[in-house]
Amino acid sequence: MNAIEKTQPRTLTNPDGREIPVGSIRPEIVLQHELAVEIAADFQALAAHNLAQKAAIFEKLRAYQDLVFQEYGVRVGGKFNGLSIHDFADLIEIKADMRRYQQLTPSIVAAQALINEILDDLTDGASDDLRALVMQAFEKDEKTGKPNVQRILGLRRLNLNHPAWSDAVRALNDSVAPAGSKMAVVCRIRPEAGRAHEQVVVDFSRV
């Protein structure tokens, strides 16, 4: 006679790593868990699909570039630096290019401190509006949680009459460093000639 097999109760793992029986968890919490797992799987599938599609698009662009190179006797298989192509009616624009990224270095702290000191020294001649405008460049971006690199570099256009300003500009220059680069491709379409091309959005956050 076969032994009766006992089925183990279904459990969910809590943040502490403990296995909690589903029967002791409120149904709406279990439903929330299952929905989160399902939607996360949807996002992962979309991300994998987009990654594969991006690779396929770049492969088509490289193949087109090689054909153009062959036409003019240029060596095929060189580095792909990007290009822009259009349909015959100029309703579609595909543009691939290299995008370079920058990151902030610890020198940003010195730059901010120096500029604060300069503004303190110029209190009599510098309005509160100028201080607010300058220091706004160091505020963190709501999306990234980091100061905006372009706003900080834009401070170099100022010409404050202070002996330490050249040191502040040097600190600003040293506060930004390259953070790598990657190829990007966008598709812009317009319904008819004379209208502006609009980008085809593939990012959920921008839909």
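Because the structure is predicted, anything quoted here is derived from the model rather than measured. (Residues numbered from 1 in each chain as written. Predicted model: local features only at pLDDT ≥ 70, side-chain atom pairs only at ≥ 80, totals over all residues. Heavy atoms only, no water.)

Time to look at the overall build of the protein. The helix and strand tally for the protein stands at five helices and six strands. N-terminal to C-terminal, the α/β element order of the protein is β-β-α-β-β-α-α-α-α-β-β. Taking the principal axes of the C-alpha coordinates as reference, the protein spans close to 95 × 60 × 35 Å. Put simply, the protein has 207 residues, and 22% of those count as buried. Within the protein, contacts between residues at least 6 apart in sequence are counted, and of these 52% link residues at least 24 apart. A total accessible area of about 15,800 Å² is found for the protein, and carbon and sulfur atoms account for 54% of it. Separation of charge centres in the protein, based on 25 positive and 28 negative side chains, amounts to 5 Å. (Helix = DSSP H or I, 4+ residues; strand = E, 2+ residues; numbered from the N terminus. Buried < 20%, exposed > 50% of the residue type's maximum accessible area, 1.4 Å probe, protein only. Contact = heavy atoms within 4.5 Å. Areas by Shrake-Rupley, 256 points an atom, 1.4 Å probe, with all protein chains shown as cover. Lys, Arg positive; Asp, Glu negative; His and termini not counted. Charge placed at Lys NZ, Arg CZ, Asp CG, Glu CD.)

There is about 730 Å³ of room inside the largest pocket. K54, V185, V186, Q199 and V202 are, among the 21 residues lining the largest pocket, the residues nearest its centre. When contributions to the lining of the largest pocket are tallied by element, the ones reaching two or more residues are α1 (27-71), β4 (92-104) and β5 (176-189). (1 Å grid on protein atoms, 1.4 Å probe; cavity = no way out; pocket = protein on both sides within 12 Å on 5 of 7 lines; lining within 4 Å. Points joined across faces, edges and corners; volume = space filled by probe spheres on them.)

A few words on the sheet that holds β4. If you trace the four strands from one edge of the open sheet to the other, you get β3-β4-β5-β6, paired in antiparallel fashion. For this open sheet the edge positions go to β3 (82-86) and β6 (198-199), each flanked by a neighbour on one side alone. Of the strand pairs in this sheet, β5 and β6 are connected by two bridges, and their pairing is antiparallel. Within β6, the position partnered with I189 by the bridge is E198. Lying over the sheet, α1 contacts β3, β4 and β5, oriented at roughly 80° with respect to β5. (Pairing = 2+ DSSP bridges. Axes fitted to C-alpha atoms, helices over the stretch in contact; angles between N-to-C directions.)

What follows concerns the pairing of β3. Taken together, the five bridges between β3 and β4 define a ladder with antiparallel strand orientation. For G82, the partnering residue across the bridge sits in β4 and is D97. If you look at the hairpin formed by β3 and β4, you'll find five residues sitting between the two strands, and D90 has a positive phi there, around 60°.

If you check the backbone angles, D90 has positive phi at about 60° while not being a glycine. Tracing the chain through its elements places D90 in the loop between β3 and β4. Note on D90: relative accessible area 29%, which makes it partly exposed.

A separate point is helix α5 (residues 165-174). Listed in full, the buried residues belonging to α5 are W165, A168, V169, A171 and L172. Buried residues of α5, seen end-on, are gathered within an arc of 160° and therefore sit on one face of the element. Looking at the buried residues of α5, the elements they touch are α2 (107-121), α4 (149-154) and β5. (Arc of directions from axis to C-beta.)

One way to put it is that α2 packs onto helix α3 (residues 128-136) with a least axis distance of 11 Å and a crossing angle of 175°. Taken together, the axes of α2 and α3 are roughly antiparallel relative to one another. Contact residues: Q112, I115, N116, L119 and D120 in α2; L130, R131, V134 and M135 in α3. Within the contact of α2 with α3, the residues separate by chemical class into five nonpolar, two polar and two charged. (Parallel < 35°, antiparallel > 145°, perpendicular 65-115°, else oblique. Nonpolar A, V, L, I, M, F, W, Y, C, P; charged D, E, K, R; others polar.)

Between α2 and α5, whose axes approach to 8 Å, the crossing angle comes to 155°. Classified by the interaxial angle, the pair formed by α2 and α5 is roughly antiparallel. In this structure, the crossing between α2 and α5 has a hand that is left-handed. The residues of α5 that touch α2, namely those facing S107, A110, A111, L114, I115 and I118, are W165, D167, A168, A171, L172 and D174. When the residues that make up the contact of α2 with α5 are grouped by side-chain class, the tally is nine nonpolar, one polar and two charged. (Left-handed = near helix turned anticlockwise from the far one by under 90°.)

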